[in-house]
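Coordinate inspection notes
Spelled out from the first residue to the last, the chains are:
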Amino acid sequence: MVDAPQTRATLLVRLRDHGDSAAWAEFVELYGPLVRGLAGRAGLQEADALDLEQEVFRAVATAIETYDPDPSRGSFRGWLHRIARNLMLNWLAAQKRHPRGTGESGMAARLADLPDHGPSVEATAVYDAAYRRRLFRWAGGRVRERVQSSTWRAFWGTAVEGKSAADVAGELGL
């Protein structure tokens, strides 16, 4: 498996400025779908997943000042995953005290059965794969806006579809 690209240190530094709305918009665009996906895989309803996303980003905003990017302590995505998972467990505990209708009676039991020792290798792999796909779509969208259509189609044909440069050039009349 190819290692997922690291979260840009410059983005993490910019997040420390709570007034940097561009940095926060980029962060939410990149990581929002991952947090909601984690919640969805755990059985949370869409509205609850959106609430969890807000709580996770609020926690990140509070804790980003003290985040230590030392690789020996783990990755940023691992740190974010632990925050999201812990907030999900807190949400479940609150639901046990004050239950509300979920449409599925077994959801709380499934989430409560999650191990406390951190994310599994499988869960982390799924999370990282989702991150790589999301990052590729995000970066591709940014690049596509800035290049000619033929350049984009040539890139897509060779890099994504795996066609030879000669075949793509022939298809595009280049």
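Provided above is the structure to which this section pertains.
Note that the structure is predicted; figures quoted are calculated from it, not measured.

Each value, and the rule that gives it
- Residues numbered from 1 in each chain as written.
- Predicted model: local features only at pLDDT ≥ 70, side-chain atom pairs only at ≥ 80, totals over all residues.
- Heavy atoms only, no water.
- 1 Å grid on protein atoms, 1.4 Å probe; cavity = no way out; pocket = protein on both sides within 12 Å on 5 of 7 lines; lining within 4 Å.
- Points joined across faces, edges and corners; volume = space filled by probe spheres on them.
- Helix = DSSP H or I, 4+ residues; strand = E, 2+ residues; numbered from the N terminus.
- Patch = residues over 30% accessible without salt bridge, like charges linked within 9 Å, V, L, I, M, F, W, Y side chains within 5 Å.
- Areas by Shrake-Rupley, 256 points an atom, 1.4 Å probe, with all protein chains shown as cover.
- Salt bridge = Lys/Arg side-chain N within 4 Å of Asp/Glu carboxyl O.
- Buried < 20%, exposed > 50% of the residue type's maximum accessible area, 1.4 Å probe, protein only.
- Contact = heavy atoms within 4.5 Å.
- Core = buried A, V, L, I, M, F, W, Y, C linked by side-chain atoms within 4.5 Å.

Comments concerning the layout of surface pockets
Each pocket or cavity is described by its volume, and for the second largest pocket that value is around 210 Å³. Considering the residues around the second largest pocket, the lining is formed by 14 residues, among which Thr 7, Leu 12, Tyr 67, Pro 69 and Phe 76 are closest to the centre. Among the elements of the structure, helix H1 (9-15) and helix H4 (76-97) are those that each provide at least two residues to the lining of the second largest pocket. Of the residues forming the lining of the second largest pocket, the biggest block, 3 residues, is contributed by H1.

Examining a nonpolar patch on the surface
Together, Phe 136, Phe 155, Trp 156 and Val 160 give the surface a local cluster of nonpolar side chains, amounting to about 330 Å² of exposed area. Ranked by residues supplied to the nonpolar patch, first place goes to helix H7 (residues 149-160) with 3 residues. Examined against the element boundaries, Val 160 turns out to sit in helix H7.

A few points about the environment of Trp 24
Along the chain, the position of Trp 24 falls in helix H2 (residues 21-41). Assessed through its relative accessible area of 14%, Trp 24 is described here as buried. Ignoring sequence-local partners within four residues, the contact set of Trp 24 consists of Leu 15, Asp 17, His 18, Phe 57, Val 60 and Ala 61.

Digging into the nonpolar core
Counting residues in hydrophobic clusters, the biggest one holds 35 residues, and the most contacted among them are Phe 27, Tyr 31, Val 56, Val 60 and Phe 76. Sorting the residues of this core by element identifies H1, H2, helix H3 (46-63), H4 and helix H6 (121-146) as the ones contributing at least two each. Sorting elements by how many residues they give to this core places H2 first, with 9 residues. Excluding residues within four positions of it along the chain, Phe 27 makes contact with Leu 11, Leu 15, Gly 32, Phe 57, Val 60, Phe 76 and Leu 80.

Just geometry here; none of it tells us what the structure is for.
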